[in-house]
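One-letter residues, chain by chain:
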Amino acid sequence: MIKVAVNGYGTIGKRVADAVSCQPDMEIIGVSKTKPGAEAYVAKERGYPLYIADIGKKDAFIKAGLEVAGSVEEMIQKADIVVDATPGGVGEGNKALYEKYQKKAIWEGGEEHELAGFSFNSSCNYDQAIGRQFARVVSCNTTGLCRIIKLIDSVFGVKKVRATMVRRGGDPGDIKRGPIDAIVLNPVTIPSHHGPDVQSVLPHISIVTSAMIVPTTLMHMHFINMELKNPATKEQVIELIKAHSRLGLIEKSTGITSTAELKEFTSDLLRPRGDLWENGIFADSLSVLDGTDLYLFQAIHQEADVVVETVDCIRAMAGDVKTAMESISITNKAVGLTAIR
Ligand SMILES: NC(=O)C1=CN([C@@H]2O[C@H](COP(=O)(O)OP(=O)(O)OC[C@H]3O[C@@H](n4cnc5c(N)ncnc54)[C@H](OP(=O)(O)O)[C@@H]3O)[C@@H](O)[C@H]2O)C=CC1
Ligand SMILES: O=C(OP(=O)(O)O)[C@H](O)COP(=O)(O)O
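Since the structure is predicted, the reported quantities are computational estimates derived from the model, not experimental observations. (Residues numbered from 1 in each chain as written. Chains lettered and ligands numbered in written order. Predicted model: local features only at pLDDT ≥ 70, side-chain atom pairs only at ≥ 80, totals over all residues. Heavy atoms only, no water.)

**Quick notes on the site of ligand 2**
Around ligand 2 lies a shell formed by S139, C140, N141, R167, R168, R177, H193, H194, H220 and Q302. H220 has a polar side-chain atom sitting 3.0 Å from an oxygen atom of ligand 2. Burial of ligand 2 by the surrounding chains reaches 72%, relative to a free accessible area of 390 Å². Elements with a contribution of two residues or more to the shell around ligand 2: helix 8 (140-156) and strand 9 (158-168). (Near = heavy atom within 4 Å. Polar contact = N/O pair within 3.5 Å; in protein donor to acceptor, adjacent residues only side chain to side chain. Areas by Shrake-Rupley, 256 points an atom, 1.4 Å probe, with all protein chains shown as cover. Helix = DSSP H or I, 4+ residues; strand = E, 2+ residues; numbered from the N terminus.)

**A look at the UniProt feature "active site" (unreviewed entry) in the protein chain**
If you check UniProt for "active site" (unreviewed entry), the listed places come out as C140 in our numbering. Relative to the assigned elements, C140 resides in helix 8. Beyond its immediate stretch of four places on either side in the chain, C140 contacts H220, I300, Q302, D305 and V306. (UniProt positions renumbered as here; feature names shortened; annotations may be inferred. Contact = heavy atoms within 4.5 Å.)

**So, the sheet that holds strand 6 (residues 104-107)**
Taken in spatial order, the eight strands make up an open sheet running 4-3-2-1-5-6-8-7, and their pairing is parallel. Each edge of the sheet is formed by a strand with only one pairing partner; in this case those strands are strand 4 (70-71) and strand 7 (119-120). By the bridge criterion, two bridges tie strand 7 to strand 8 (residues 134-137) in an arrangement that is parallel. Bridge pairing links F120 to V137 in strand 8. (Pairing = 2+ DSSP bridges.)

**Overview of the side chain of H194**
With respect to the helices and strands, the residue H194 is situated in helix 9 (residues 194-201). Residue class for H194 comes out buried when judged on its relative accessible area of 1%. Residues within four places of H194 in sequence aside, it is in contact with S139, N141, T142, L145, M165, R167, T209 and A211. (Buried < 20%, exposed > 50% of the residue type's maximum accessible area, 1.4 Å probe, protein only.)

**Considering helix 11 (residues 259-268)**
Listed in full, the buried residues belonging to helix 11 are T259, L262, K263 and T266. For helix 11, the arc enclosing every buried residue in end-on projection is 100 degrees, short of the 170-degree limit, so these residues lie on one face. As for helix 11, its buried residues are in contact with strand 12 (220-228), strand 13 (247-250) and strand 16 (293-300). (Arc of directions from axis to C-beta.)

**So, the nonpolar core**
By size, the foremost hydrophobic cluster in this structure holds 45 residues, and its most contacted members are V4, V20, I28, V31 and I314. Ranked by the residues each element gives to this core, the list is headed by helix 12 (residues 305-318), at eight residues. Residue contributions to this core reach at least three from each of two domains, namely domain 1 (2-138 + 306-335) and domain 2 (140-300). Once you skip the residues sitting within four places of it in the chain, V31 turns out to touch V6, Y9, A17, A43, Y48, P49, L50, Y51 and M75. Formed by 34 residues, the second largest nonpolar core is a distinct cluster that contains L145, V158, M226 and V288. (Core = buried A, V, L, I, M, F, W, Y, C linked by side-chain atoms within 4.5 Å. Domains from an automatic or database assignment.)

**Observations regarding the pairing of strand 2 (residues 26-33)**
In terms of burial, strand 2 is largely enclosed, as seven of its eight residues are buried. One ladder, built from five bridges, connects strand 1 (residues 2-7) with strand 2; its direction is parallel. Each residue of the ladder has a partner; that of K3, found in strand 2, is E27. Between strand 1 and its parallel partner strand 2, the chain crosses via helix 1 (residues 11-21), and the hand of that crossover is right-handed. Both strand 2 and strand 3 (residues 50-52) contribute to a ladder of three bridges, which runs parallel. Within the sheet, the bridge partner assigned to K33 lies in strand 3 and is I52. Considered for its hand, the β-α-β crossover made up of strand 2, helix 2 (residues 38-46) and strand 3 is right-handed. (Right-handed = clockwise from strand over helix to strand, strands pointing away.)

Structure (structure tokens):
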């Protein structure tokens, strides 16, 4: 069993912990928080040993009825691999600890590519992660872009990608985030970080991205245009998407034309937390104009899509499962991911 520690039990960390704990070849040996609170109670409920960043705060946890297993440094020593899901920018400061104990570590998309020196996406470069000490799972939007671009590029060849990300303002629990009443250009400059981030995984792809933030919490929405090297038909692209286990297809017959209805759908499907791990591609939006000009809208659930990628990244770095197809299949089966159709 691969012993996994989750350093930072928040939006991403708590999902990674649940996804890891249902894998047949992995176990959670600990999760960490800086302060007591609702998520720490959930960790206790799930039976995850709780470690804390500042052991001087142990009394506050004990007072709140939360048993403390030790410090983050102690947790790291017990792990084979650490998933660092601390807030963006914080994880960088933990690298020295992972190096000190010669542990493997995975950071999430809030950290720079250079920190790990390798950026990961299961569908694109699983084999390059095998046996590595450090990796970074690219951000949620970049993950969604990589999945669809890689698929289309491998069959038709992609000459150029242009994509605009309409980003959610904050996660549903992030009460201090906004905007409340604005469309914020974020960034105002072009490209946004997503294009260069895609190139950190797929270096040969020519891509320009732009992004804005809107007052919603549920999901991001992408508008993507790919100029293809070879002609395609809408039907061919739909068939390819249907055969990809992490690309969902939202058919016209569902009546779903928004992130809100999509979230309701995944909740009704009794997915944990209503998570949409796969891209939500709107079948009706998919158009191929003049034979080589592909357009589509896709919804990306920011809290969920990187979770299954992180599980595959753990498996690749541990080194026993050698192919992406095998790992993706194990991960999907364990969490209950059958892409929506
Ligand atoms: N949320 C999202 O939509 C996505 C986030 N990401 C990336 O994932 C990473 C995590 O983001 P997210 O889950 O949203 O962050 P959250 O703020 O939701 O969670 C971060 C967690 O880390 C804990 N924490 C903070 N500082 C430390 C520390 N020094 N040591 C240990 N634990 C600490 C916090 O605990 P406490 O509350 O007790 O302080 C909290 O539980 C970031 O890199 C982010 O960019 C990637 C894709 C999507
Ligand atoms: O990785 C994300 O978005 P991104 O791909 O736009 O960077 C997550 O939604 C986190 O974004 P945040 O930094 O606005 O919390």
